[in-house]
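The residues making up each chain are set out below.
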Amino acid sequence: MSLRIVFMGTPDFAVPTLAEIVGQGHEVVAVYTRAPAKAGRGMGEKRSPVHEMAERFAIPVFTPRSLRGEEEQETFRSLAADVAVVVAYGLILPVPVLEAPTLGCLNLHASLLPRWRGAAPIQRAVMAGDAETGVAVMKMEEGLDTGPVAMVERITIGPDMTAGELHDRLAGLGADLMVRALAALSRDALSFVPQAVEGVAYAAKITNEEARIDWSRPAGEVHNLVRGLSPFPGAFLMADLGKGPERVKVLRTRRAEGVGAPGTLLPGGLVVACGEGAVELLQVQRAGRGMTSGEEFLRGTRLAPGDVLA
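Note that this is a predicted model, so its numbers are computed, not measured.

Student: How do you make sense of the UniProt feature "domain: Formyl transferase C-terminal" (unreviewed entry) in the protein chain when you look at a structure like this?
Tutor: On the UniProt side, "domain: Formyl transferase C-terminal" (unreviewed entry) is annotated at positions that read residues 205–301 here. End C-alpha atoms of residues 205–301 are separated by 33 Å, and the span's content is 21% helix alongside 36% strand.

Student: Can you walk me through the nonpolar core in this structure?
Tutor: Most often, soluble globular proteins have nonpolar side chains that are buried together. Of all hydrophobic cores here, the largest spans 44 residues; its most connected members are Phe 7, Phe 13, Ile 21 and Leu 182. Considering each element in turn, this core owes the most residues, 11 residues, to helix 6 (residues 163–186). Filtering out sequence-adjacent residues up to four positions away, Phe 7 remains in contact with Ala 14, Thr 17, Leu 18, Ile 21, Val 28, Ala 30, Val 31, Tyr 32, Val 50, Val 85 and Val 87. Counting residues in each nonpolar core, the second largest holds 27 residues, with Met 127, Ala 235, Ala 239 and Leu 303 among its members.

Student: Looking at this model, I keep getting lost on helix 1 (residues 15–23). Mind explaining?
Tutor: Residues lying three or four places apart along an α-helix face the same way, a consequence of the helix completing one turn every 3.6 residues. Taken together, the buried positions of helix 1 are Val 15, Thr 17, Leu 18 and Ile 21. End-on, the buried residues of helix 1 take up no more than an arc of 165 degrees, which puts them together on one face. Next to the buried residues of helix 1 lie strand 1 (4–9), strand 2 (27–32), helix 2 (49–56), strand 6 (83–87), strand 7 (105–109) and helix 6. Among the residues trailing helix 1, Gly 25 stands out with phi positive, at a value near 90 degrees.

Student: Which parts of the structure should I look at to understand the domain arrangement of the protein chain?
Tutor: In terms of domains, the protein chain is made up of domain 1 (4–202) and domain 2 (209–308). The straight-line distance from the C-alpha centre of domain 1 to that of domain 2 is 35 Å. Contacts between the two partners involve 15 residues from domain 1, matched on the other side by 12 residues from domain 2. When domain 1 packs against domain 2, the two sides together hide about 990 Å² of surface, and 45% of this comes from carbon and sulfur. A per-residue breakdown of the area domain 1 buries against domain 2 is headed by Met 127, Asp 160 and Thr 162, which together make up 43% of the total. Seen at the junction of domain 1 and domain 2, the total is two salt bridges. For Glu 210, the salt bridge is made with Arg 124, and the minimal N-O distance between the two is 2.8 Å. Summed over the shared surface of domain 1 and domain 2, the result is 10 residue pairs in polar contact (both at pLDDT 80 or more). Going through the elements one at a time, helix 5 (121–127) and helix 6 are the ones with two or more residues in the side of domain 1 that touches domain 2. Broken down by element, the residue count for the side of domain 1 that touches domain 2 peaks at four residues, all from helix 5. Considered class by class, the residues forming the side of domain 1 that touches domain 2 number seven nonpolar, five polar and three charged.

Student: What exactly am I supposed to notice about the packing of helix 1 against helix 6 here?
Tutor: Describing two packed helices takes the angle between their axes plus the distance from one axis to the other. The N-to-C vectors of helix 1 and helix 6 enclose an angle of 35 degrees; their axes lie 8 Å apart at closest approach. When the axes of helix 1 and helix 6 are compared, the crossing they make is right-handed. Contact residues: helix 1 offers Pro 16, Thr 17, Glu 20 and Ile 21, while helix 6 offers Ala 171, Gly 174, Ala 175, Met 178, Val 179 and Leu 182. Residue classes in the contact of helix 1 with helix 6 are distributed as seven nonpolar, two polar and one charged.

Student: Which parts of the structure should I look at to understand the environment of Leu 113?
Tutor: Inspection of the secondary structure puts Leu 113 in the loop between strand 7 and strand 8 (117–118). Distance in space between the C-alpha atoms of Leu 113 and Gln 24 is 27 Å, their sequence separation being 89 residues. Those residues within four positions of Leu 113 in sequence are excluded, and the remaining contacts are Ala 136, Met 138, Asp 145, Val 149 and Gln 195.

Student: Explain the sheet that holds strand 6 to me, please; I cannot follow it from the model alone.
Tutor: Strands belonging to one sheet form pairs held by backbone hydrogen bonds; the direction of such a pair is parallel or antiparallel. What the seven strands build is an open sheet, ordered 5-2-1-6-7-9-10; its pairing is mixed. Only two strands of the sheet have a single neighbouring strand rather than two, namely strand 5 (61–62) and strand 10 (149–156). As paired strands, strand 1 and strand 6 are joined by five bridges and run parallel to one another. Considered in strand 6, the bridge of Phe 7 is made with Val 85.

The rules we used
- Residue numbers restart at each chain and count upward from 1, following the sequence in its written direction.
- pLDDT decides what is reported in this predicted model: residues at 70 or higher carry local features, side-chain atom pairs at 80 or more are listed and counted, and totals for whole chains, interfaces and linings draw on all residues regardless.
- Only heavy atoms go into the side-chain values, all of them from the structure, while hydrogens and water stay out.
- UniProt positions are given in the numbering used here, feature names are shortened, and annotations may be inferred rather than shown by experiment.
- Per the convention used, a helix needs a DSSP run of H or I reaching at least four residues, while a strand needs a run of E reaching at least two, with both numbered from the N terminus.
- In this description, a nonpolar core means a group of buried Ala, Val, Leu, Ile, Met, Phe, Trp, Tyr and Cys residues linked to one another through side-chain atoms lying within 4.5 Å.
- The buried label goes to any residue with under 20% of its type's maximum accessible area, the exposed label to any with over 50%, and the partly exposed label to all in between, with areas taken from a 1.4 Å probe on protein chains only.
- It only takes one pair of heavy atoms within 4.5 Å for two residues to be counted as in contact.
- Of all possible arcs, the one meant is that of the directions from the helix axis to the C-beta atoms.
- Marked domain ranges trace back to an automatic or database domain assignment.
- The term buried area denotes the loss of accessible surface (1.4 Å probe radius) that occurs when two parts are joined, taken as the sum for both partners.
- One speaks of a salt bridge when a side-chain nitrogen belonging to Lys or Arg is within 4 Å of a carboxyl oxygen belonging to Asp or Glu.
- A 3.5 Å cut-off defines polar contacts: any pair of N or O atoms within that distance qualifies, except that in protein one atom must be a possible hydrogen donor and the other a possible acceptor, and neighbouring residues in sequence count only when both atoms are side-chain atoms.
- Classes in brief: Ala, Val, Leu, Ile, Met, Phe, Trp, Tyr, Cys and Pro nonpolar; Asp, Glu, Lys and Arg charged; the others, Gly included, polar.
- Axis geometry follows a simple rule: fit a line to the C-alpha atoms, using only the stretch in contact for helices, then measure angles between N-to-C directions, giving values from 0 to 180 degrees.
- Take the far helix as your reference; a near helix turned counterclockwise from it by less than a right angle gives a left-handed crossing, and one turned clockwise gives a right-handed crossing.
- Here, strands pair whenever DSSP counts at least two bridges between them.

Right, dumping it as structure tokens:
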């Protein structure tokens, strides 16, 4: 049975779910997404990936700055949705909005709840060195990702997998999971289980301070930080490359042999000593330049074994 759906999402991660819902024949009566933001050198307004996809499907798009006002809430109620599907929307849904759809609001969350509730579950899972993660469909309530869970799909996180690679895998997996959940919901066959009270962890937004590599940490933690922040926002180091300290993003690493004072460049390539062990920098990016291999980067600088990266 086709459902009358309001879709609420913003980034690339949400696009496959919207496309799959439309492809399954559901009636998406409106899309809610974050308002266009100024971006680029000309500071022109850039619409979200979900906004772009909604217009391709000729779906009406709403971009309120907040949903707390009575006017915005009445507009939402007037859509008479059976269910709202929420995927990385970015705005808080107040109670009147949560209660407006007949069958409630379903959220696709990129973690194995209750682990990694919050804003950055994919990055945090990789940064923590988790061996697995997944996607979950839950019914939304007032708390932050606290609602009961209906369906889950798990995925292994490889030891060198980046957050970007995991993001793409989970986006497709989540789209499939959500349409299966909607099919069950349309048959009145979707059941929910409360989240466990143990194992709760919060995935706070990534700060600039924690994106800077701390070479005093063990090599495994440095490796996890780099892959957890690749490609965005990118872990970074500071190095004097001839014109004073310069910020360099590190996008891919691997564990390496070697010992030395933390941050010291070791022989044998772009290998840096950590508090325990060492890592080799495989892909880096200087400010304003394209990504390059560690070997190419090293050839273009005066760095030598014994130099210290901050």
